[in-house]
Structure formats: C-alpha cells, structure tokens
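Reading the structure
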Amino acid sequence: MTSFPTIASAARDIAAKRISPVELMKDQLARSEKLNPALHAFIRFTPEIALEQARAAEARQTAGALRGPLDGIPIAHKDIYETAGVTTTGHSRVLEHHVPKMDSAVVRRWREAGAVMLGKLATHEFAWGGPSFDLPWPPARNPWNTEYFTGGSSSGTGAAVAAGMILGGTGSDTGGSIRGPASLCGIAGIKPSYGLCSRTGVLPLSQSLDTTGPMAWTVEDCALLLDAMTGHDSADPSSANRPRPDLLSGLNGGMKGLRIGVIRHFHEDDCKVSPGMAAGIAHLTSTLAAQGAEIREVKLPPLADFNAAGWLILAADAYAVHENWMREKYRAYGEFLRERLAVAATITAADYLQAQRRRRELCEAVAAAMTDCDLLVTAAQPGEARPIHQMTKWASFEVPNFTIPFNLTGQPALTVCTGFGAGGMPVGAQIVGRAFEDATVLRAGQAYELAAGWRAKRPAMAA
Amino acid sequence: MAQPLDKAHFEALMAQAGLDLTEAEKEGIRAASAHTQAAAARVRTPREVSVESATIFTLTGASA
C-alpha cells in the first residue's frame, strides 16, 4: 500500500485484495491519532464504529460483494453532519452534548456505500464562528505550517485530508467553507450545484446558501465522493428533483472545445491577489489552453456587489437560525460567532430583501456572461494561508471573498490546487460551471490536476 | 465606508434581540455594524419596483 493512498488507489487495492479494509482503517486511524495533537483536525474519534464498518467491508471484500469504490474507505464528517448515536456539536458549547438519533442523509449515503467513519471533524462554530480559541475544542491547524490558518469553516476536513489522516471527508459551503480550506490546505473541494446534494440532518447556517459537498486530495476522489452524495431527498426543500448525474464516465474527457471565461477583474482589480495566487490562476488557464480549451475574459458586476448581497443574506439567515439560542445561551457561544450574530441582528427585513433582489440581478448577470462560456475561472482566496492568530473577528466582513458569488448563483464551483506560493504554502483557484453541470467542472479540474503534477507533494509534517 | 448605527438605535436592537452585553461589547459590535450598513447601502442599486427577490419560488404541482 502507498504511504498516502487516495480513494481511487485504495479502491483498486481493496478490489484486488491487496489490502483489507480493516488494515487500511487501522493504518489511517493510527496516522490520525499520531497527527491530531498537532493539527486538531478531529474533535472526536469513533474507533469502535470504524472497526465495525471496516470488518463489514472486509466481509464483503471476501465475498466478492463490494458495494463500489467507497467500500472500505476511511472518511470523516464535519461536525455539523448529524451522526446517529455520535455526539454532533457544531464545535460549540451550545450543542456540546447533543446526540442525534438519526444520520444525516449524506452520512447515511456514504455509510450505505461502505465508507468507514473514523470520527468527527473540527469546524468553525456552527460553520461561521472561527478560528476560535474559546470553544470546547481548539481550532484545526494547517498541516503545511501548523502556525497557520486552514481556512474555514470546513477546517478539520481540510487539515485531515491534506495530512493524509482521511482519504476524504464532508464539508459544507455557504460562503466558501469548502473551497476556502481546499485552497489554503492544497486539496480539492467542490461546492456542488445548490440542490444537488441533500442537506437533511446538517446543522444549518444559511438555508438560502448552504450546500453540502466533498473534500479530498484529488479531483477524482471528489468525484467519487460526490457520486455517492447526489440524489433527490424529499425531506430537503432545496433538493432538486432531477435524475442523479453521471459524474464519472466523462471525468477524463479532456478540455477540447470547452470555453473558459476568466473573471480577471475579480482577482486583478476588485481585489488584487497575492503573486502566488495570480501565478496559480495563470498556470491553470495556460495548462487548460494547452489542452484545447478556449480562454476568454468575462466581465461581471464588481466582486464587492456579490460580497454585499452574500453577507447580508448569510448573516440574516444565520441570525434567524440562532435567534432563540442567542437569547437563551448567548455566552455559551464563542466570542467570534456570538458577536457576528449580534451584528446580524441589526439587519432589517428591507436590507435582507434588497439583498435578495440584488442577488437575482447578479444571477442574471452571471448567466448572461456564461451564454458563450462553459466554465469560469477566478481565485479561490486572496492569497496563501496566514498565521492563525492574525484572523480577526470581523474578517468575514473585511476580507474580499471570491467564493460567495457562486453561493449566490448556486453554480457548482471547484477549488483545485494550483501550486505553492509564499512560504511554500499552497494556493488554489476556482473552476465554476453552469447549474447542474458539475461533471464538466470536475472534468476540467481533473484535466488540470493530472497535467500540473502538484499532487505528488504532501505536507512535511505528515510524512 | 458607512457609519455604524447610532447608539440609541443599536441599543434598541440589542434589547429587542434579548442580548445582555457589556459596554465594551456593545461598542465593538456597534462599530462592526458599519460593515452591514455599508452592505445594505451597496445592495440598494437603482432598480425598477418590479425587480423580484431571489426568494420568489415557482410552484411545481404534484411530483412526477
């Protein structure tokens, strides 16, 4: 077995009986337990569940009855995904002892696919309040430099995947909480089309924007995980009643004929990104052009317009979710989240609805820009990760956000690692597609990733 | 950058929300309200009254 298996490589090894799921689980759990004191990626390990699930996968392996590529694969879940019988806290004192009775839909789907749950992963408090040092568990650290921020809110998933603790994990993305950590931790993460994957049983932040999605070392692994997440869920009002998409058969279809619009003004004028991030975007577009994609420039409304609408909607929705707990248990929250929610309490109904009207206008502008583009490209973050203690309480409002535009529009958006910048820290860029054309986004990400060769390098501390 | 909410208005909103804050907390949060005020101004681009919210939904009838 390779030192850092991917889902695809481990699935081949399991299918060929070169490794047992129990052996794989034990190796991954041992690595996770060894690295966690430095990374704080996990807030809870579930070794008994992992062993039981791995043994069941091993029995299926022996019987020649594997369920598919996720059977026997060690994963973990962001601690906003409810897991039956396993404490699900939102990384908060507010729900410190909350034990759900049922799995969330995604947890159930991955379990039914045979995935092996190693535990529950760190997150920003209720997917917004972080990085926080006043919660029952510390914030996750970046494996490329443990003094640095992972990005959030899927912070534990980003760290655990980058360090090879897990082969894949769940994230959620409301304003960039999959794509941001994917960029800062140098991994792949996709925010699928809004409505493609169920949100049932996932602690909400902003139901207008919340999207569940996978994070993994490679684009191919993201595709394998996402394939096991999709499908209509009648219990989720946002769930699209559409046939499950084919995300896999065209994954290696290449770039010929695809038209890519670069939203250059986002990352050169509206918010000038770091040299490392800029170089990464240039490498992405030149690599895809060399493979046959047509590259052009597109113009959208200013990034600040998307940020204004996005943050008003997110904050107001989040305040509504937490209104009663804020009244009853204000000081049970960490400082970052409770004060962000307190500011959100000042947003009026008219502010919120004007933001939603602006949202419709912005969606129309993006759709118009994509009439002759299949994909868009822009930055995933302003730059490389920064020291964790430099992350401020009001960063959500102060730092330009490249990811929230595509939460507003609901389009699928993937972060791929595009290299390494200052201090050897990873950078990532976004590839964005049309609604429900997640397969095209993954195809472009795969084409780039295989050509770029960044996947050979892992954080030194994980080796 | 927009101004934060004035003190009286802010304190009324915090009381309405049922939040019991220290004076230092009130000042910090009130100062941060400048961000949401700026955002609220920014989304008020000139538009026709007929522009609909993105929350408007379409009825789909019985599921297939």
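The structure under discussion appears in the preceding block.
First, a word on scope: everything that follows refers to the structure included in this document. Here the structure is a predicted model, which means the values were calculated and not measured. Position numbers for residues start from 1 in each chain and track the written sequence from start to end. Ligands are numbered from 1 and chains lettered from A, in the order in which they are written. The predicted origin of the model limits local features to residues at a pLDDT of at least 70 and limits the giving and counting of side-chain atom pairs to 80 or more, whereas totals for whole chains, interfaces and linings rest on all residues. Derived side-chain values reflect all non-hydrogen atoms in the structure, with water molecules and hydrogen atoms excluded from consideration.

**Topic: the overall build of chain A**
- Within chain A, the regular secondary structure consists of 15 helices and 11 strands.
- If you line up chain A on its principal axes, its C-alpha atoms span 60 × 60 × 45 Å.
- Here the term buried applies to any residue with accessible area under 20% of the maximum for its type, exposed to any over 50%, and partly exposed to those in between, with areas from a 1.4 Å probe on protein chains only. A burial count over chain A gives 66% of its 463 residues as buried.
- Residue contacts are defined here by distance: any two heavy atoms, one from each residue, within 4.5 Å place the two residues in contact. Summarising the internal contacts of chain A: among those between residues at least 6 apart in sequence, 79% fall at separations of at least 24.
- Using a 1.4 Å probe, the Shrake-Rupley method yields the accessible areas, and only the shown protein chains count as cover for residues. Entry remark: accessible area of chain A is about 15,000 Å², with carbon and sulfur atoms responsible for 52%.
- Within chain A, the 45 negative side-chain charges are centred at a point lying 2 Å from the centre of the 45 positive side-chain charges. Elements are defined by DSSP. Helices are runs of H or I of four residues or more, strands are runs of E of two residues or more, and each kind is numbered from the N terminus. His is not counted, nor are the chain ends; Lys and Arg add positive charge and Asp and Glu add negative charge. All charge positions are set by atom: Lys at NZ, Arg at CZ, Asp at CG, Glu at CD.

**Concerning the sheet that holds strand 2 (residues 74–78) of chain A**
All names here are of chain A.
- What the 11 strands build is an open sheet, ordered 1-3-2-4-6-5-10-11-9-7-8; its pairing is mixed. The sheet is open, and its two edges are formed by strand 1 (42–45) and strand 8 (294–297), each paired on a single side. In this sheet, neighbouring strand axes are inclined to one another by 30° on average, regardless of whether the strands run parallel or antiparallel.
- Here helix 15 (residues 438–452) sits on the sheet and contacts strand 5 (188–191), strand 9 (375–379), strand 10 (413–420) and strand 11 (426–433); the angle it forms with strand 10, its principal contact strand, is near 10°. Pairing between two strands is assigned when DSSP locates at least 2 bridges connecting them. Think of each axis as a best-fit line through the C-alpha atoms, taken over the contacting stretch in the case of a helix, with angles from 0 to 180 degrees between the N-to-C directions.

**Comments concerning the interface of chain A and chain B**
- Across the boundary between the two partners, chain A contributes 33 residues, which contact 35 residues of chain B.
- Taken as a group, Thr346, Arg357 and Arg360 of chain A account for 22% of the area that chain A buries against chain B, more than any other trio of residues on that side.
- For this document, the term salt bridge refers to a Lys or Arg side-chain nitrogen within 4 Å of an Asp or Glu carboxyl oxygen. Summed over the shared surface of chain A and chain B, the number is four salt bridges.
- Arg331 of chain A is paired through a salt bridge with Glu25 of chain B; the nearest N and O atoms lie 2.6 Å apart.
- Distance and chemistry together define a polar contact, namely a pair of N or O atoms within 3.5 Å, with one atom able to donate a hydrogen and the other to accept it when in protein, and with adjacent residues in sequence counting only for side-chain atoms on both sides. In this structure, the connection of chain A to chain B is made through 13 residue pairs in polar contact (both at pLDDT 80 or more). Put simply, buried area is the surface a 1.4 Å probe can reach on two separate parts but cannot reach once they are joined, added for both.

**Some remarks on the side chain of Thr440 of chain A**
Residue and element names in this part refer to chain A.
- With respect to the helices and strands, the residue Thr440 is situated in helix 15.
- A residue is classified by how much of its surface remains accessible, and Thr440, at 17% relative accessible area, is buried.
- Not counting residues within four places of it along the chain, the set of residues in contact with Thr440 comprises Leu258 and Leu375.

**Re the pairing of strand 10 of chain A**
Residue and element names in this part refer to chain A.
- Most of strand 10 is tucked away: seven of the eight residues are buried.
- Relative to strand 10, strand 5 runs antiparallel, the two sharing three bridges. Bridging from a neighbouring strand, Gly189 pairs with Thr415 of strand 10.
- Of the strand pairs in this sheet, strand 10 and strand 11 are connected by seven bridges, and their pairing is antiparallel. Bridging across to strand 11, Ala413 finds its partner in Val432.

**With respect to the packing of aromatic side chains**
All names here are of chain A.
- Within 6.5 Å between ring centres, the rings of Phe, Tyr and Trp (the latter by its six-membered ring) count as paired, and their orientation is classed by plane angle as stacked under 30 degrees, edge-to-face over 60, tilted in between. Inspection of every chain in the model, using the stated rule, returns 10 aromatic pairs over all chains.
- Plain terms: the ring middles of Phe42 and Phe45 are 4.4 Å apart, the flat faces sit at 25° to each other, and that makes the pair stacked.
- Its relative accessible area of 25% is what places Phe45 among the partly exposed residues.
- With centroids separated by 6.0 Å and ring planes inclined at 75°, the aromatic side chains of Phe420 and Trp454 adopt a geometry described as edge-to-face. Highlighted residues: Phe420 in strand 10 and Trp454 in the segment after helix 15, separated in sequence by 34 residues.
- For Phe420, a relative accessible area of 22% translates into the label partly exposed.
- Through pairs of rings, three or more aromatic residues link up here, namely Trp128, Trp311, Trp394 and Phe397.
- Distance and angle both matter: a charge sits over a ring if NZ of Lys or CZ of Arg is within 6 Å of the ring centre and within 35 degrees of the ring normal. Positioned over the ring face of Phe436 is Arg242, at 4.0 Å from the centre of the ring.
- Its end group placed over the ring of Trp217, Arg455 keeps NZ or CZ at 3.8 Å from the ring centre.

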